[in-house]
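Residues per chain are reported as follows:
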Amino acid sequence: MDNNNYKILLVDDEPDIIEFLGYNLKKEGYQVLSASNGKDGLLLAEKETPHLILLDVMMPEMDGIEVCEMIKQIPSLSRTIITFLTARSEDYSQIAGFEAGADDYINKPIKPRLLISRIKALLRRFEIHNNERESESMPLHFGNIVIDKEKYKVTKNNTEIFLPRKEFELLALLSSKPEKVFTRDEIYNTVWGEDVIVGDRTIDVHIRKLREKLGGEHIDTIKGVGYRFVF
């Protein structure tokens, strides 16, 4: 897909940040939308269905974590990539963001070339997963659990279980080869991409969430190696 077919939404309460990001993204040919607060950003996301959202964490009234959680509840935005913009590098902030469903973090300030590199890496994951989605149309059945990759839908005992996009992609990877042990590196590279930098605890957070929703008996930890899906 050409850059000018990608739509990127910027949500930040600092005009200088919006101007800086917008200028560099437009120069690369991306369609750029912007909002100066979380509430307007949420409304614009629903209206425009962007491919990627760059979302500031610290904003008045509605912070980025809350906006992300609300976006993840909107079916039409289930495939939208969400990347947090933050000047805060504390571990707890990243964990809170990933628990809300974020795909990545970009720390401010960031140099233009690094920004564009990170955006391109994230959008490559968007294309890869869309292509995989088109080629994998048959739902997977594991006892009382059904995983429909085409619809991004998981049911257990005929009841739908809501999974943010990264949780779904992690489950889809593990369930693609039941009983196979996927190493942490394999998971990082497949679900987040080699060019995307995420915290060391990212996988652990997502695995914990999947266990809470599906039942702990379906995902085994192989200490020092990785994880596997069992049923």
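Given the structure is predicted, the values throughout are model-derived calculations rather than measurements.

Trainee: Honestly, the packing of aromatic side chains in this entry has me stumped. Any pointers?
Mentor: To describe a pair of aromatic rings, one takes the distance between the centres and the angle between the planes. Taken as a whole and assessed by the stated rule, the structure comprises five aromatic pairs. Centroid distance Tyr152 to Phe168: 4.6 Å. Interplanar angle 20 degrees. Geometry classified as stacked. Taken as a pair, Tyr152 in the loop between strand S7 (145-148) and strand S8 (153-156) and Phe168 in helix H6 (residues 165-176) lie far apart in primary sequence, 16 residues in all. Ring pairing ties together the aromatic residues Phe142, Phe229 and Phe231, which thus form one cluster. The aromatic ring of Phe182 is capped on one face by Lys180, whose charged end is 4.9 Å from the ring centroid.

Trainee: Looking at this structure, I do not really get the nonpolar core. What am I missing?
Mentor: In a soluble, globular protein the nonpolar side chains are often hidden away together inside. Core analysis: the biggest nonpolar cluster contains 25 residues, and Val154, Leu171, Leu174 and Ile187 have the highest contact counts within it. Those elements that provide at least two residues to this core are S7, H6, helix H7 (184-192), helix H8 (202-214) and strand S12 (226-229). With sequence-adjacent residues up to four places away left out, Val154 is seen in contact with Ile145, Val146, Ile147, Thr159, Glu160, Ile161, Leu163, Phe168, Leu171 and Leu214.

Trainee: Help me understand the side chain of Lys108, please; the structure alone is not making it clear to me.
Mentor: You can see Lys108 is positioned in the loop between strand S5 (104-107) and helix H5 (112-135). Side-chain polar atoms of Lys108 contact the side chain of Asp12, separated by 3.2 Å. Non-local contacts of Lys108, meaning those with residues more than four positions away in its chain, are made with Asp12, Glu14, Ile17, Asp56, Leu85, Thr86 and Ala87.

The rules we used
- Residues numbered from 1 in each chain as written.
- Predicted model: local features only at pLDDT ≥ 70, side-chain atom pairs only at ≥ 80, totals over all residues.
- Heavy atoms only, no water.
- Phe/Tyr/Trp six-rings, centres within 6.5 Å; stacked < 30°, edge-to-face > 60°.
- Helix = DSSP H or I, 4+ residues; strand = E, 2+ residues; numbered from the N terminus.
- Lys NZ or Arg CZ within 6 Å of the ring centre and 35° of its normal.
- Core = buried A, V, L, I, M, F, W, Y, C linked by side-chain atoms within 4.5 Å.
- Buried < 20%, exposed > 50% of the residue type's maximum accessible area, 1.4 Å probe, protein only.
- Contact = heavy atoms within 4.5 Å.
- Polar contact = N/O pair within 3.5 Å; in protein donor to acceptor, adjacent residues only side chain to side chain.

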